[in-house]
Amino acid sequence: MKTDTARLYSAKRPSDAQMARFKRFVAQKYGEGMTLEWIESDDAPGGFRLEAGSDVYDWSAEGRVAQLRRKLERIALGGEKVIPLIKETLDAWQPEALAEETGRVISVGDGIVAAEGLDNAEYGEIVLFDCGAKGMIQDLRRDMCGIIVFGDCREISSGSVIRRTRRTAGVPAGNGFLGRIVDALGEPVDGLGEIVPEAYRPIECPAPGIIDRKPVDKPLETGLLVIDALFPIGRGQRELIIGDRQTGKTAIALDTIINQKGKGVVCVYVAIGQKASSVAQLAETLRKKGAMDYTVIVTAGAGESAPRQYVAPYSGCAIAEYFMYTGRDVLIVYDDLSKHAVAYRQLSLLLERAPGREAYPGDVFYLHSRLLERAAHLSDALGGGSMTALPVVETQAGDVAAYIPTNVISITDGQIFLESELFFEGQRPAVNIGLSVSRVGGNAQTRAVKKAVGSLRLDLAQFREMEVFMQFSSDLDETTRRRLMYGQGLMRLLRQPQYKPYSQSDEVILLVSALGRAFEGVPAAAIYDRAAGLLEFMRGEHPEIASEIDRTGELTPGLSRKILAAAKEYGASKA
Ligand code: ATP
Ligand code: MG
C-alpha cells in the first residue's frame, strides 16, 4: 500500500518548528516526493502519530510507554544482570523513530483472519490486533495473508488494524511450570497464579541434527510389565500408542508418568481436544499420586479454537525442550494427534488450502514429522538430555491403515497397538502382542530385564498359534494342555491394573519365576494375586535380591536360581 502523502495525526496543531522537523524526517525516510499532511485527531493522545504507506510511527504518550515496555521485556528475558541493565537503558532511553508495519483485516471468522498490508510479514510471525488478541501468520500470498487468531475474535472486524511484532511465536518455559496446567500459549489456567518464566522458547524449532544426537540406550521404564518386557521404550525414543476409543491409551501414558516418580524424569502431558473435565480429573489423579511435582500439563480443550489446538503440541514440545537442553530427561505425551490433525484440517480448509486425502491438507505428514523429530537423546556436548515422545492416535474400528495412523506409524520408532476385543476380555493393558513393536528394542532395557525376558516372546507366539485349540481342551493330550495352561498364565501375568506400576526388580522377579514355571498349576484367574503375593514375600524374606538387581542392573545365573528357589518356596507354601 504505497501512497505519496504521509499523514500526521495529533489533537493540537504542531508548531511550525515541529512541522519542519516532521517534514525533514519524512523526506529522509521516504524521499522528497512524499508530502506531509496534518490531520486533527484524538487518535494519538499526548503526542503524534505518523502514517506513511503501511508504516505507522506511534509517538503518542501511550505508544512511547509501550516502546519502553517492549525494550524492558527484551532485557528481562535476556537473563541475569537485569537491574543494572534496566538502569542503563532508562538513562539512555529515547523514543525511537521505529516504524511499525501494519495491515488491515479484510475478513474474519472461525478464528481465521484474511488481512492486507503487512507486506514484509514472515510465516509464523506473531501479530497483534487492536483488541489485544494475538494471531500467527499461517498463510502468505501475493497480496494478502492468512492469520490464525488465538484470542477472542469477536472484537475483530473488517478494517481493524493489525500490527507486526517481528517475533515468531514462542512460549515461556522454566522450572516454574512444574506442577502447573497451562494453555496452548503457556498461560496458566489452574488458578494458582502467575508463573515466572526462565526462558522464552520458539514453538517451532528445528530438530537436533545427527551430530547432536546419541543412540538411545537408557530405558524409560513404564512400570507396565507387558511394555517393559516386550516393547521397551528408551529415553529419546518415539513410541506411538494407538487404538480405538476407550481402549486404555491414556491410561498407559498416565501410568508411565506416575512411574517416573523419583527417577528424575520431567513429564509434559499435552491434552488436545479433550473435555476440560477429563483433563481436570487426570491432573487430580497425578496430584494424588504425587506425580504432579514433576509434570506440566498443556491443554487446548475441545471447546477451544482450532488454532489453539493446533499449536498446543508445539508449545508443549517447546516447554519440554527447555528441560531437555538443560540436560534433563523428559517424557512428553501428545494425547492425541488424531484430534490435532482434525484441528489442522479445519484451519487449513478455512485458509482455503486444497484438501487432499480424507480432506486433510497436503502437508499433514510434515505437521507430525516435524513435531516428533524434536524428540531426541542429545549428545554429551549438548548436555546429554533426552526427550521421549509418546504420541497417541485414535483409530476407527481398529483400522491402522487409515491416513493419519499410517503417517504417524512411519514417523515413530514403534507402536503399542491396543485392541477393544482384548480390553473387553479383561486383558488390560489391551496390548496386541503380535502387532506391537519397539524398533529400539533390547538397547532400551537393562541387562537384567533383557535376560529375564528370555523366551517370553517365543512362548507367547506359540501360545497364540495354539490358542484356538483351547476350546477343545478336554480332548487334548497332557503336554499340549500344559503348554496352553502355561501360555494362558503368561497372558494373565501381563494383566495389570491401573496405577500399580512394577519396579525393575519386580519385573525381573516375575519374569524369572513365570518362565521358570513357578506359577504352574495356579489357576489363571489367581495369577495376578499370586504374583502380587510373591513380590510381597520377596520384599519380606529376600530383600537382598531386589536390591542387588537395582544396584547392578544385572541378572547373574546365581541370582536367577535364587529367585526361582524363593518363588517355588512361596508357591509350595500356598499349595
Ligand atoms: P479415549 O479414546 O476416550 O481417550 P482411552 O483409549 O484413552 O479412551 P482410557 O481413558 O485410558 O482409554 O481408559 C478407558 C477406561 O478403561 C478408563 O475408565 C480406565 O480407567 C479403564 N482402564 C484403562 N486401563 C486399565 C487397566 N489396565 N485396568 C483396568 N482398567 C483400565
Ligand atoms: Mg484418552
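Rules used in this analysis
- The residue numbers shown here count from 1 along each chain, following its written sequence.
- By the order in which they are written, chains take letters starting at A while ligands take numbers starting at 1.
- Totals for whole chains, interfaces and linings use every residue, but because this is a predicted model, local features are given only for residues with pLDDT of at least 70 and side-chain atom pairs only at 80 or more, for both listing and counting.
- Side-chain numbers here rest on the full set of heavy atoms in the structure, without hydrogens or water.
- UniProt positions are given in the numbering used here, feature names are shortened, and annotations may be inferred rather than shown by experiment.
- Helix and strand assignments come from DSSP, with helices taken as H or I runs of at least 4 residues and strands as E runs of at least 2, each series counted from the N terminus.
- Throughout this description, buried means an accessible area under 20% of the type-specific maximum (1.4 Å probe, protein chains only), exposed means over 50%, and partly exposed covers the range between.
- Note on contacts: a residue pair is in contact if any heavy atoms of the two residues lie within 4.5 Å.
- Each accessible area is a Shrake-Rupley result for a 1.4 Å probe, and residues are judged covered by the shown protein chains and nothing else.
- In this tally, Asp and Glu contribute negative charge and Lys and Arg positive charge; neither His nor the terminal groups of the chain are included.
- To locate a charge, take atom NZ for lysine, CZ for arginine, CG for aspartate or CD for glutamate.
- Pairs of N or O atoms within 3.5 Å make up the polar contacts considered here, provided that, within protein, one atom can donate a hydrogen while the other can accept it, and that residues adjacent in sequence are counted only when both atoms are side-chain atoms.
- We call a residue near a given molecule or strand whenever any one of its heavy atoms falls within 4 Å of it.
- Any residue outside Ala, Val, Leu, Ile, Met, Phe, Trp, Tyr, Cys, Pro, Asp, Glu, Lys and Arg is labelled polar, Gly included; the first ten of those are nonpolar and the last four are charged.
- Note on ring pairs: Phe, Tyr and Trp rings are taken, using the six-membered ring of Trp, and paired if centres are within 6.5 Å. Classes follow the plane angle, with under 30 degrees stacked, over 60 edge-to-face and the rest tilted.
- We call a charge positioned over a ring when the NZ of a Lys or the CZ of an Arg lies within 6 Å of the ring centre and within 35 degrees of the ring normal.

- The protein chain is annotated in an unreviewed UniProt entry as ATP synthase subunit alpha from Candidatus Limadaptatus stercoripullorum.
- What the UniProt record of the protein chain gives under Function (unreviewed entry) is the line "Produces ATP from ADP in the presence of a proton gradient across the membrane. The alpha chain is a regulatory subunit."
- In UniProt, the protein chain has this text filed under Catalytic activity (unreviewed entry): "ATP + H2O + 4 H(+)(in) = ADP + phosphate + 5 H(+)(out)".

**Some thoughts on the overall build of the protein chain**
At step 1: On a plain count of helices and strands, the protein chain comes out with 18 helices and 20 strands.
At step 2: C-alpha atoms of the protein chain, sized along the principal axes, occupy 110 × 50 × 40 Å.
At step 3: By the burial criterion, 53% of the 575 residues in the protein chain qualify as buried.
At step 4: Contacts in the protein chain between residues at least 24 apart in sequence constitute 73% of all its contacts with a sequence separation of at least 6.
At step 5: Of the roughly 26600 Å² that the protein chain leaves accessible, carbon and sulfur atoms contribute 52%.
At step 6: Of note, the protein chain has its 69 positive side-chain charges centred 3 Å away from the centre of its 76 negative side-chain charges.

**As for the side chain of Gln496**
At step 1: Mapped onto the secondary structure, Gln496 falls in the loop between helix H14 (478-493) and helix H15 (504-515).
At step 2: A distance of 2.9 Å separates a polar atom in the side chain of Gln496 from the backbone oxygen of Lys500.
At step 3: Setting aside residues no more than four positions away along its own chain, Gln496 makes contact with Gly223, Leu224, Leu225, Arg428, Pro429, Pro501 and Tyr502.

**Digging into the site of ligand 1**
At step 1: For ligand 1, the set of nearby residues contains 14 residues, the closest of which are Gln246, Lys249, Thr250, Ala251 and Gln498.
At step 2: Take Ala251: an N or O atom from its main chain is 2.8 Å from an oxygen atom of ligand 1.
At step 3: At 2.9 Å, a backbone N or O of Gln496 approaches a nitrogen atom of ligand 1.
At step 4: Contact with the protein chains covers 70% of the free accessible surface of ligand 1, which is 630 Å².
At step 5: Ranked by the residues each element gives to the shell around ligand 1, the list is headed by helix H5 (residues 249-259), at three residues.
At step 6: Its residues assigned to classes, the shell around ligand 1 shows four nonpolar, six polar and four charged.

**Some thoughts on the UniProt feature "domain: ATPase F1/V1/A1 complex alpha/beta subunit N-terminal" (unreviewed entry) in the protein chain**
At step 1: Annotation from UniProt places "domain: ATPase F1/V1/A1 complex alpha/beta subunit N-terminal" (unreviewed entry) at residues 100-165.
At step 2: In residues 100-165, the share of helix is 0% and the share of strand is 58%. The end C-alpha atoms are 8 Å apart.

**Quick word on helix H10 (residues 403-411)**
At step 1: With seven of nine residues buried, H10 lies mostly within the body of the structure.
At step 2: Tucked inside the fold, the buried residues of H10 contact strand E14 (240-243), helix H8 (337-350), helix H9 (364-372), strand E18 (386-394) and strand E19 (414-418).

**Some details on the packing of aromatic side chains**
At step 1: Counted under the stated rule, the structure contains eleven aromatic pairs.
At step 2: Between the aromatic rings of Phe22 and Trp59, the centroid separation amounts to 5.6 Å while the plane-to-plane angle is 40°, which identifies the pairing as tilted. One end of the pair, Phe22, is in helix H1 (residues 16-30); the other, Trp59, is in strand E4 (residues 55-59), with 37 residues separating them in the sequence. Each member of the pair, Phe22 together with Trp59, is buried.
At step 3: Ring centres of Phe423 and Phe424 lie 5.9 Å apart, and the angle between their planes is 85°; this geometry places the pair in the edge-to-face category.
At step 4: Residue class for Phe423 comes out buried when judged on its relative accessible area of 16%.
At step 5: Given the relative accessible area of 66%, Phe424 is considered exposed.
At step 6: Grouped by ring-pair contacts, the aromatic residues Phe22, Phe25, Phe48, Tyr57 and Trp59 constitute a single cluster.
At step 7: The lysine or arginine in question, Arg370, covers the ring of Tyr366, its NZ or CZ lying 4.9 Å from the ring centre.

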